[in-house]
Amino acid sequence: MSINYSERIPNNVNLGSNKTLQRALEHWQPAFQEWWKEMGPENSTALEVYLRTAVSVAPDGWAHYDYVRMPDYRWGIFLTPAEAGRQVNFGAHMGDAAWQEVPGEYRSTLRRIIVTQGDTEPASVEQQRHLGLTCPSLYDLRNIFQVNVEEGRHLWAMVYLLHAYFGRDGREEAEALLERRSGDSDNPRILSAFNEKTPDWLSFFMFTFITDRDGKFQLAALAESGFDPLSRTCRFMLTEEAHHLFVGESGIGRIIQRTCEMMNQHKTDDPAKLRALGVIDLPTIQKYLNFHFSVTSDLYGNEVSSNAASFYTNGLKGRFDETKLADDHKLDTGEYPVMEVVGDNIVTKQVSALTALNERLRDDWVKDVNAGVSRWNKIPEKAGIPFRFKLPHKGFNRRIGAFTEHHISPQGQVLSEATWTNQHKQWLPIEDDQAYVRSLMGRVTEPGKYANWIAVPARGINNQPVNFEYVRFS
Ligand SMILES: [Fe+2]
Ligand SMILES: [Fe+2]
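Below is a short write-up of the structure. (Residues numbered from 1 in each chain as written. Chains lettered and ligands numbered in written order. Predicted model: local features only at pLDDT ≥ 70, side-chain atom pairs only at ≥ 80, totals over all residues. Heavy atoms only, no water.)

A separate point is the overall build of the protein. On a plain count of helices and strands, the protein comes out with 12 helices and 7 strands. Taken over C-alpha atoms, the radius of gyration comes to 23 Å for the protein, in line with the 23 Å a tight globule of 474 residues would show. When the 474 residues of the protein are sorted by exposure, 57% land in the buried category. Positive and negative side-chain charges in the protein, numbering 52 and 61 respectively, have mean positions lying 3 Å apart. (Helix = DSSP H or I, 4+ residues; strand = E, 2+ residues; numbered from the N terminus. Rg over C-alpha atoms; globule rule 2.2 N^0.38 Å. Buried < 20%, exposed > 50% of the residue type's maximum accessible area, 1.4 Å probe, protein only. Lys, Arg positive; Asp, Glu negative; His and termini not counted. Charge placed at Lys NZ, Arg CZ, Asp CG, Glu CD.)

Summed over the entire model, instances satisfying the criterion amount to 33 aromatic pairs. For the ring pair Y300 and W365, a centre distance of 5.2 Å and an interplane angle of 40° mean the geometry is tilted. Residue Y300 is found in the loop between α8 (282-297) and α9 (306-313), and its partner W365 is found in helix α10 (residues 357-382); the two are separated by 65 residues along the sequence. Pair check on accessibility: Y300 and W365 agree, each one buried. Between F396 and W420 the ring centres are 5.8 Å apart and the planes differ by 55°, which places this aromatic pair in the tilted class. Taken together, the residues F396 in the loop between α10 and β5 (407-408) and W420 in helix α11 (residues 417-423) connect sequence positions 24 residues apart. Each of the two residues, F396 as well as W420, counts as buried. Through a chain of ring-to-ring contacts, three or more aromatic side chains come together here, namely W28, F32, W35, W36, Y73, W75 and W156. For the cation-ring pair, R213 lies above F209, with the distance from its terminal atom to the ring centre recorded as 4.6 Å. Above the face of the Y67 ring, R472 is positioned so that its terminal group lies 3.6 Å from the ring centre. (Phe/Tyr/Trp six-rings, centres within 6.5 Å; stacked < 30°, edge-to-face > 60°. Lys NZ or Arg CZ within 6 Å of the ring centre and 35° of its normal.)

All right, on to unusual backbone geometry then. A positive phi is found at N43, a non-glycine position, where the angle reads about 50°. Along the chain, N43 turns up in the loop between α1 (19-39) and β1 (48-53). Judged by its relative accessible area of 63%, N43 falls in the exposed class. The phi dihedral of D321 falls on the positive side, at around 60°, and the residue is not glycine. Along the chain, D321 turns up in the loop between α9 and β3 (335-342).

Turning to the coordination of the iron ion (ligand 1), a few remarks are in order. Distances from the iron ion (ligand 1) to its protein donors, namely E121 (OE), E151 (OE) and H154 (ND1), fall within the range 2.0 to 2.2 Å. Of note, the iron ion (ligand 1) draws all its donor residues from one chain, in the sequence arrangement E-x29-E-x2-H. When its relative accessible area of 4% is taken as the criterion, E121 is described as buried. The class for H154 is buried, based on a relative accessible area of 0%. (Donors = N, O, S within 2.8 Å, 3.2 Å for Na, K, Ca; no water.)

Moving on to the coordination of the iron ion (ligand 2). Under ideal tetrahedral coordination, the four donors around a metal are separated by 109.5 degrees; under ideal octahedral coordination, the six donors are separated by 90 or 180 degrees. Taken together, E151 (OE), D212 (OD), E241 (OE) and H244 (ND1) make up the full set of protein donors to the iron ion (ligand 2), lying 1.9 to 2.2 Å away. The coordination sphere of the iron ion (ligand 2) comprises 4 donor atoms, whose angles at the metal cover 89 to 172°; the geometry is irregular. Spacing between the donor residues of the iron ion (ligand 2) along the chain follows E-x60-D-x28-E-x2-H. Taken as a pair, the iron ion (ligand 2) and the iron ion (ligand 1) lie 3.5 Å from each other and share E151 as a ligand. On the criterion of sequence distance, the pair formed by D212 in helix α5 (residues 201-223) and H244 in helix α6 (residues 228-265) is long-range, its members being 32 residues apart. There is no split in this pair, since D212 and H244 are both buried. (Tetrahedral: all angles 85-135°; square planar, octahedral: opposite > 155°, others 65-115°.)

Below, the discussion takes up the pattern of salt bridges. For the structure shown, the criterion picks out 35 salt bridges. Its salt-bridge partner being R189, residue D119 comes within 2.8 Å of it at the nearest N-O pair. With D119 in helix α2 (residues 107-127) and R189 in the loop between α4 (167-177) and α5, the pair connects residues that are 70 residues apart, well separated along the chain. Among the residues examined, D119 registers a relative accessible area of 1% and is labelled buried. Here D321 ties to K324 by a salt bridge, and the two come within 3.6 Å at their closest N and O atoms. (Salt bridge = Lys/Arg side-chain N within 4 Å of Asp/Glu carboxyl O.)

Take the environment of D328 next. Secondary-structure assignment places D328 in the loop between α9 and β3. On the basis of relative accessibility, which here comes to 41%, the residue D328 falls in the partly exposed class. Spatially, the C-alpha atom of D328 lies 8.0 Å from that of F90, the residues being 238 residues apart in sequence. Among the polar contacts listed, one links the side chain of D328 to the backbone nitrogen of L331, at a separation of 3.1 Å. (Polar contact = N/O pair within 3.5 Å; in protein donor to acceptor, adjacent residues only side chain to side chain.)

On to the side chain of H154, then. Within the element layout of this structure, H154 appears in helix α3 (residues 138-165). Polar side-chain contacts of H154 include one of 2.8 Å to the side chain of E240. Apart from the residues lying within four places of it in its own chain, the contact partners of H154 are E121, M237, E240, E241 and H244. (Contact = heavy atoms within 4.5 Å.)

With respect to topology, 3 strands assemble into an open sheet ordered β2-β1-β7, the strand pairing being antiparallel. The two strands at the open ends of the sheet, each matched to only one other strand, are β2 (64-69) and β7 (471-472). For β1 and β2, the ladder comprises 6 bridges, and the chain directions are antiparallel. Following the sheet pairing, Y50 is matched in β2 by Y67. Across the sheet, α3 touches β1, β2 and β7, and the angle it forms with β1 is around 50°. (Pairing = 2+ DSSP bridges. Axes fitted to C-alpha atoms, helices over the stretch in contact; angles between N-to-C directions.)

Right, let's talk about the packing of α5 against α8 for a bit. Axis separation between α5 and α8 bottoms out at 10 Å; the angle between their running directions is 35°. Between α5 and α8 the crossing geometry is right-handed. For the pair α5 and α8, contact is made by L202, S203, M206, F207, I210, T211 and D214 and by I285, Y288, L289, H292, F293 and T296, respectively. Broken down by class, the residue content of the contact of α5 with α8 amounts to 8 nonpolar, 4 polar and 1 charged. (Left-handed = near helix turned anticlockwise from the far one by under 90°. Nonpolar A, V, L, I, M, F, W, Y, C, P; charged D, E, K, R; others polar.)

As structure tokens, this is what we get:
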């Protein structure tokens, strides 16, 4: 179970026993390193970062923390160990032994699923590329770099599957993963949320809280796959994802905390006064929440989808916590509610549960996001401030699915074009908000110092103090 670090590519898949595969991946490795140099965190090559590195895939395998220059990070291939006798747990092949090779008839579909997941990993590194230059503290700088190297490793995880199981097509797709660029008009990343800019740390924390959480749910659904290598790969990725969600949730929590302190200290909730004091007013944070929530909602796709149905029936992608659900795991007869706009109203209709799997996964994710928002709301509550954060209606600001052609308010009213045009500036960040947030982005690199707009974390990383030198510039 331990990871072999003596090879050029650290791995726990006995890579050395398959020379062809090993050579192919060693050939891809320098291209990855080139990509990291070009698109990884800006001006970071010389920095020594207090990073965790996986030493084994056992639950305590994260024990290893040390200073690492990021280009020397040991990106590798780590799969959760095989579960003896694992079966396909849903769909038409339920009860069959889980597949150790790609079933021929699902080859192109599985490849597409893996490429689409894989593409998000380098995309987020590209989106976050400039943020190190405006970090609010060394603690936060270390955290974003930890997220970045792990997204790089997630790319390795998907590239391993492409190389090991998809032959020549897989190798070509692995190269293309290093060629697309987030936001590039000629060769963009596959999914639109991954072509948005992440221009400031408020956006970064929202992204890791909300969009990495989409990652969690997609990976969890793929961890149920009948294709066992994909399942095992995703299981290990999920352990890394938990830290990304923590970075986002605690980051926003600390921003709220700091603003609430200033509100009480200066006895004001006036956004203009709070901005003059150098903190981010709560309504602006709400606007960023609305934006990231709506853009990420689109990642789940259409509410009703025959693709989602066939992924499920064919045993490729399950539901969240599939094996813990008590039903027939076939969904031939069940129904599931989805929304649509009829005239001026949003109505709920029942559709076949099998075709509504995108919506179901989106709903699971919404529940999880909502739980995080409730935890944030404890902060103003404790401070005696009446403001509460609230997720917008599912139909708000959507570009994919049943609401695409409609304007929906955060409260769920169907709006006319004119009303939307008039009012959407109250709900989504406008240039003025973005410029203000940008104006706060300095660079704090003295150990123990934190930018004015964010509270000091409750504790450090790996039991280190909050004034620990998490990144060395020497
Ligand atoms: Fe990831
Ligand atoms: Fe992530």
